[in-house]
Amino acid sequence: LIDTETIFPQERMTIDEEQQGLEDQITIVFSHVVAENTPKGLAAQKFAELVSKKTDGRVRVEVYPNGILYSDHEELEALKRGEIQMIAPSYTNMTELVPEWKVLDLPFLFRDYDHAKAVFTRETGKELLHFLDNENMKALAFWSNGFKQMTSSVHPLLEPADFKNLTFRVMSGDVLKKQFQLLGAKPVTASFTDVYSSLERHQFDGQENTISNIYSKGLYKFQPYLTLSNHGYLGYSVIINNKFWNRIPADIQLQIIDAMLETTIWNMDESKTMNESQLEEMKRQTGISIYDFPIEAKSRWMEKFQPLYKEVEGQVTNSIITKILNTGK
Ligand code: LMR
């Protein structure tokens, strides 16, 4: 386990410091679990550069990738305790705390990358972000990784029947569990930091993830069948410790928000490009078999997912699903 006192001695503030605000040099420790060469990894680095530039070096963002500080199942508590200041978990991993974000996990909700970008960066996204706000945490933006694809070690996954009795790794989120149950499969929650070794030990028959994560973490080595299903969307909520945020002077907060806006727009376009180019690299460099999603099967998948839409519609109070579907039309 990491000894955070040794790594972040500066985080031990006295009561006086907490009341007065932060000292001249402000350090934001940003922890995440994916590789550096991914949409989230690159966005975190870009954000760090922009913050440094816009604040004239007054604020430094230190990025720790690959779960080297905390796994995805630990980072939220570490943020709340103030051991780190920023994280960008998948919104899926936050749905226990923010049930409204479950809508974002509905299968086949997003039409394409432009749709996701419009939802995340316009009014609906802002409305969704506010559902998190509490005394410990503040959501600054949604970032994108991209569309998720289905992979398996057993056979190609093209029709709902192909899922029957297979075990799938899922992130912690009710909608994803239910999605696989409705397909007749058995979902098991596992931390992203454990996925590689679990697949290596054949603990799961399949999983869903973006090309970027499948490629950068080498998951294709144990999952020789990949379907370009684009059935779900992996996005992130970028979250800062709220007590820390409130101690930052207002002018600097504005500069940080400015850096976040610029990073977010960049990330939305970059995530699409990265997933596309890494798909080509994966085709060239690995032996994975890649299947196009059979368009004629979509209605059969959607039929399976109807109860999930009904369930989530009943759980969110306003017409957020309709708003999402109408965004960018
Ligand atoms: C996963 O658990 O598969 C993803 O949420 C990992 C990530 O942060 O992209």
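Residues numbered from 1 in each chain as written. Predicted model: local features only at pLDDT ≥ 70, side-chain atom pairs only at ≥ 80, totals over all residues.

To be explicit about the condition: UniProt positions are given in the numbering used here, feature names are shortened, and annotations may be inferred rather than shown by experiment.
As named in an unreviewed UniProt entry, the protein chain is DctP family TRAP transporter solute-binding subunit, taken from Niallia endozanthoxylica. Per its UniProt entry, the protein chain bears the Sequence similarities (unreviewed entry) comment "Belongs to the bacterial solute-binding protein 7 family."

1. Focus on the overall build of the protein chain
Selection criterion: Helix and strand assignments come from DSSP, with helices taken as H or I runs of at least 4 residues and strands as E runs of at least 2, each series counted from the N terminus. Contacts are defined on C-beta atoms placed from the backbone: any two residues whose C-beta positions lie within 7 Å are in contact.
When its secondary structure is counted, the protein chain shows 13 helices and nine strands. Long-range pairs, those at least 24 residues apart, make up 79% of the contacts in the protein chain with a sequence separation of at least 6.

2. Focus: the site of the ligand
Note the following rule: Nearness between a residue and a molecule or strand is assessed with a C-beta atom placed from the backbone; a distance within 6 Å qualifies. Residues are grouped as follows: Ala, Val, Leu, Ile, Met, Phe, Trp, Tyr, Cys and Pro are nonpolar; Asp, Glu, Lys and Arg are charged; all remaining types, including Gly, are polar.
Taken together, Val-33, Val-34, Lys-40, Asp-72, Ser-90, Asn-145, Met-171, Phe-192, Asn-209, Asn-213 and Leu-234 make up the full set of residues adjacent to the ligand. Here the shell around the ligand is composed, by residue class, of five nonpolar, four polar and two charged.

3. Quick word on helix H11 (residues 250–285)
Cut-off, in case you're wondering: By definition here, a helix of n residues has an expected span of 1.5 Å times n minus one. To get the bend at a residue, fit one axis to the 7 residues ending there and another to the 7 starting there, then take the angle between the axes. Buried residues are those with 20 or more other C-beta atoms within 10 Å of their own C-beta, exposed residues have 12 or fewer, and partly exposed residues lie in between; C-beta atoms are placed from the backbone.
Between the first and last C-alpha of H11 there are 49 Å, a value that for 36 residues agrees with the 52 Å anticipated at 1.5 Å per step. At Glu-270, H11 shows its largest bend, some 25°. The set of residues buried in H11 consists of Ile-256, Ala-259, Thr-263, Thr-264, Asn-267, Met-268, Ser-271, Met-274, Asn-275 and Gln-278. For H11, the secondary structure elements touched by its buried residues are helix H3 (39–54), strand S2 (59–64), helix H5 (113–121), strand S4 (137–152), strand S7 (206–210) and helix H9 (211–216).

4. As for the pairing of strand S5 (residues 167–170)
Note the cut-off: At least two DSSP bridges between two strands are needed for those strands to be called paired. For the handedness criterion, the strands are oriented away from the viewer, and a crossover whose path from the first strand over the helix to the second runs clockwise is classed as right-handed.
Across four bridges, the pairing between S5 and strand S6 (residues 186–189) is parallel. When the sheet's bridge partners are listed, Arg-169 is paired in S6 with Val-188. With helix H7 (residues 174–182) bridging S5 and its parallel neighbour S6, the resulting β-α-β unit is right-handed. Both S5 and S7 contribute to a ladder of two bridges, which runs parallel.

5. Some thoughts on the confidence of the model for the protein chain
Rules: pLDDT is a residue-level measure of predictor confidence that goes from 0 to 100.
Mean pLDDT over the protein chain stands at 93; residues scoring 70 or higher make up 93%. In the predicted structure, residues 1–15 sits below a pLDDT of 50 and forms nine contacts with residues beyond four places in sequence or in another chain. Across the predicted assembly, pTM comes out at 0.92 and ipTM at 0.96.

6. A few points about the nonpolar core
Nonpolar side chains in soluble globular proteins tend to end up buried together. Our working rule: Here, a nonpolar core means buried Ala, Val, Leu, Ile, Met, Phe, Trp, Tyr and Cys residues linked by C-beta atoms lying within 7 Å of one another.
Counting 84 residues, the largest nonpolar core has Met-86, Val-238 and Ile-239 as the members making the most contacts within it. Leave out the neighbours within four places in its chain, and Met-86 touches Ile-28, Phe-30, Val-238, Ile-239 and Ile-240.

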